Amino acid sequence: APNYEHILTESHDKVGLITLNRPKTFNALSSDLFHEINDALKKFENDSSIGAIVITGNERAFSAGADIKEMLNQTFANSYKTNFLFHWGEINNIKKPVIAAVNGFALGGGCELAMSCDVIYAGETAKFGQPEIKLGLIPGAGGTQRLTRVIGKSKAMELVLSGRTFTAQEAEQWGLVSKVFPVGEVLEKAIELGQEFAGFSQPVIQAAKESVNSAYELSLREGCHFERRIFQALFSLNDAKEGKDAFANKREAKWTHD
Ligand code: CAA
């Protein structure tokens, strides 16, 4: 297994698990930690035995956001020249499904990391928020964009401009979180969901993810066009032949992932 300092990685029957492991700082997302997340994501992406990825923290925190101490001496010139936080976007290029299993705090960049995942499962006591305003900052890794698209302008404005936190139950009501579980069950349920995804054809799962994500980028007409083109292209896959044949012959499909 790769030797990481700030995360742990393991696999659970077709699901790659990344556990943020800087417990003393509530999993603050230092630059080094994020590079490790990106490295682990890429390794799971390139591992054909892995069909889905889960990112989690611990029971107290998914993550309290960007490492504030690391930002104390940050300047505009330096952050502009180095395109600070650009590498946080790499998760958006991962083609396999990524599930966030959130317990405790998911604040600032932690909330943004969760929102960059494809599905969020949360524990009953999880607390989300974009508190950057309290630091004299604004969210910098998609918070103002992803939160607004999911929960709407009025709620997003209220939360981003006040820095208030919101609960797992609110997040579920608003559609940000797909399900809420008792604290001790979140990770297990997220892994089970990943295994369910991983039980299907990988290229088809990736096409489904790409198509759902295009709903964020495209107009309805363009999005439906894109979806239909991908749908048509899937008829070239062995797995699409296999899936239809298995149904017609009342047997289980055996996916070959091609
Ligand atoms: N960065 C660096 N260190 C952090 C941190 C962070 N985001 N969050 C917590 N820590 C550290 C604290 O400094 C403290 O360290 P010391 O023991 O060395 O003093 C340790 O973790 C424990 O924290 P607290 O003593 O504050 O613990 P608490 O239980 O009283 O509060 C908390 C927990 C509510 C998570 C609180 O620490 C907190 O509000 N953290 C900051 C959250 C925040 O503002 N996040 C946004 C960051 S900016 C950002 O993310 C920008 C972006 O959009 C990308």
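Residues numbered from 1 in each chain as written. Predicted model: local features only at pLDDT ≥ 70, side-chain atom pairs only at ≥ 80, totals over all residues. Heavy atoms only, no water.

Asker: Give me the lowdown on the site of the ligand, citing residues and values where you can.
Answerer: Surrounding the ligand, one finds 23 residues, the nearest of these being A64, G109, E112, E132 and G140. Between K69 and the ligand, the recorded distance is 3.0 Å, taken from a side-chain N or O atom to an oxygen atom. Within the contact set of the ligand, an oxygen atom lies 2.7 Å away from a side-chain nitrogen or oxygen of E112. Protein burial of the ligand: of its 980 Å² of free accessible surface, 64% is covered by the chains. Within the residue set of the shell around the ligand, elements represented by two or more residues are β6 (105-107) and α3 (109-116). Looking at the shell around the ligand residue by residue, the classes come out as 13 nonpolar, five polar and five charged. (Near = heavy atom within 4 Å. Polar contact = N/O pair within 3.5 Å; in protein donor to acceptor, adjacent residues only side chain to side chain. Areas by Shrake-Rupley, 256 points an atom, 1.4 Å probe, with all protein chains shown as cover. Helix = DSSP H or I, 4+ residues; strand = E, 2+ residues; numbered from the N terminus. Nonpolar A, V, L, I, M, F, W, Y, C, P; charged D, E, K, R; others polar.)

Asker: Lay out unusual backbone geometry in plain terms, naming residues and giving numbers.
Answerer: Backbone geometry at L85 places phi at a positive 80°, although glycine is not the residue there. With respect to the element layout, L85 can be found in the loop between α2 (76-81) and β5 (98-102). The phi angle at K250 is positive, at roughly 50°, despite the residue not being glycine.

Asker: Break down the sheet that holds strand β3 (residues 52-56) for me, citing the residues and quoting the values.
Answerer: Judged by pairing direction, the sheet is mixed, and its six strands sit side by side in the order β1-β2-β3-β5-β7-β10 without closing on themselves. Strand pairing shows two members of the sheet lacking a second neighbour, β1 (7-12) and β10 (179-181), which therefore form its edges. Direction aside, neighbouring strands of the sheet carry axes that sit 20° apart on average. Across the sheet, helix α1 (residues 31-45) is in contact with β1, β2 (15-20), β3 and β5; its angle to β2 comes to roughly 175°. (Pairing = 2+ DSSP bridges. Axes fitted to C-alpha atoms, helices over the stretch in contact; angles between N-to-C directions. Contact = heavy atoms within 4.5 Å.)

Asker: Requested: an account of helix α10 (residues 238-248), with residues and values cited.
Answerer: Looking only at α10, the buried set comprises D239, A240, E242 and A246. Along the axis of α10, the buried residues cluster in a sector spanning 160°; they form a single face. K250 lies just past α10 and shows a positive phi near 50°. (Buried < 20%, exposed > 50% of the residue type's maximum accessible area, 1.4 Å probe, protein only. Arc of directions from axis to C-beta.)

Asker: Please set out the nonpolar core residue by residue, giving values where relevant.
Answerer: Judged by nonpolar contacts, the single largest core of 44 residues is most densely connected at I55 and F128. Looking at this core element by element, the count peaks at six residues for α1. V15, L17, I99 and V119 belong to the second-largest nonpolar core, a separate cluster that totals 12 residues. (Core = buried A, V, L, I, M, F, W, Y, C linked by side-chain atoms within 4.5 Å.)

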